[in-house]
Amino acid sequence: MTKRSRHEREQRAAQNVRIKQITADWERAVPPERAAAFAQEVEAARARGPRPPQPDMAPGTLPNPPRPGNEPRPPKKEETRRPKY
C-alpha cells in the first residue's frame, strides 16, 4: 500500500469534494426527463452484466498478427542439414 503525505491526502479530499459539487451542479442542469432516460439506460446496462469473454484462440497464436516483413522464420528441416560424422 502506498503511503501518501498529509498534503496529498488533503488535496485528494478537496478534489473529491469539488467533483461532488460539479456532479451535483451538472445533475441540476440536466432536464428531469433526460436524467430519467439516462438512469434507465444505466439500469439496462447494469442488468446486461459484463461482456462475455473473448473466444479462445488456437494455441501459439498471438492476438495481433505480425507486421508485414516480420513474420516468424519457418523451422529448419533436419534433412537440409549435413550429417555429422
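Asks: Can you walk me through the overall build of the chain in this structure?
Replies: Counting secondary structure elements, the chain contains 2 helices and 0 strands. The buried share of the chain, reckoned over its 85 residues, is 1%. Carbon and sulfur atoms make up 55% of the accessible area of the chain, which totals about 9500 Å².

Asks: Explain helix α2 (residues 32-48) here, please?
Replies: Residues spaced three or four apart along an α-helix face the same direction, because each turn holds 3.6 residues. Helix length check: α2, at 17 residues, gives a terminal C-alpha distance of 24 Å against a target of 24 Å (1.5 Å per residue), a fit within 8%. Phi turns positive one or two residues past the end of α2, at glycine 49, with a value near 85 degrees.

Asks: Just to check I follow, could you spell out the pattern of salt bridges for this structure?
Replies: One side chain can pair with another of opposite charge once the charged atoms of both are near each other. Applying the stated criterion across every chain yields a total of 1 salt bridge. Among the salt bridges present, the one from aspartate 25 reaches arginine 28, with a minimum N-O distance of 3.0 Å. Here aspartate 25 and its partner arginine 28 are both found in helix α1 (residues 6-29), 3 residues apart, which amounts to about one turn of the helix. A residue is classified by how much of its surface remains accessible, and arginine 28, at 64% relative accessible area, is exposed.

Conventions we followed
Residues numbered from 1 in each chain as written. Predicted model: local features only at pLDDT ≥ 70, side-chain atom pairs only at ≥ 80, totals over all residues. Heavy atoms only, no water. Helix = DSSP H or I, 4+ residues; strand = E, 2+ residues; numbered from the N terminus. Buried < 20%, exposed > 50% of the residue type's maximum accessible area, 1.4 Å probe, protein only. Areas by Shrake-Rupley, 256 points an atom, 1.4 Å probe, with all protein chains shown as cover. Expected span 1.5 Å × (residues − 1). Salt bridge = Lys/Arg side-chain N within 4 Å of Asp/Glu carboxyl O.

Interpretation note: all reported values are geometric properties and have no functional meaning in isolation.
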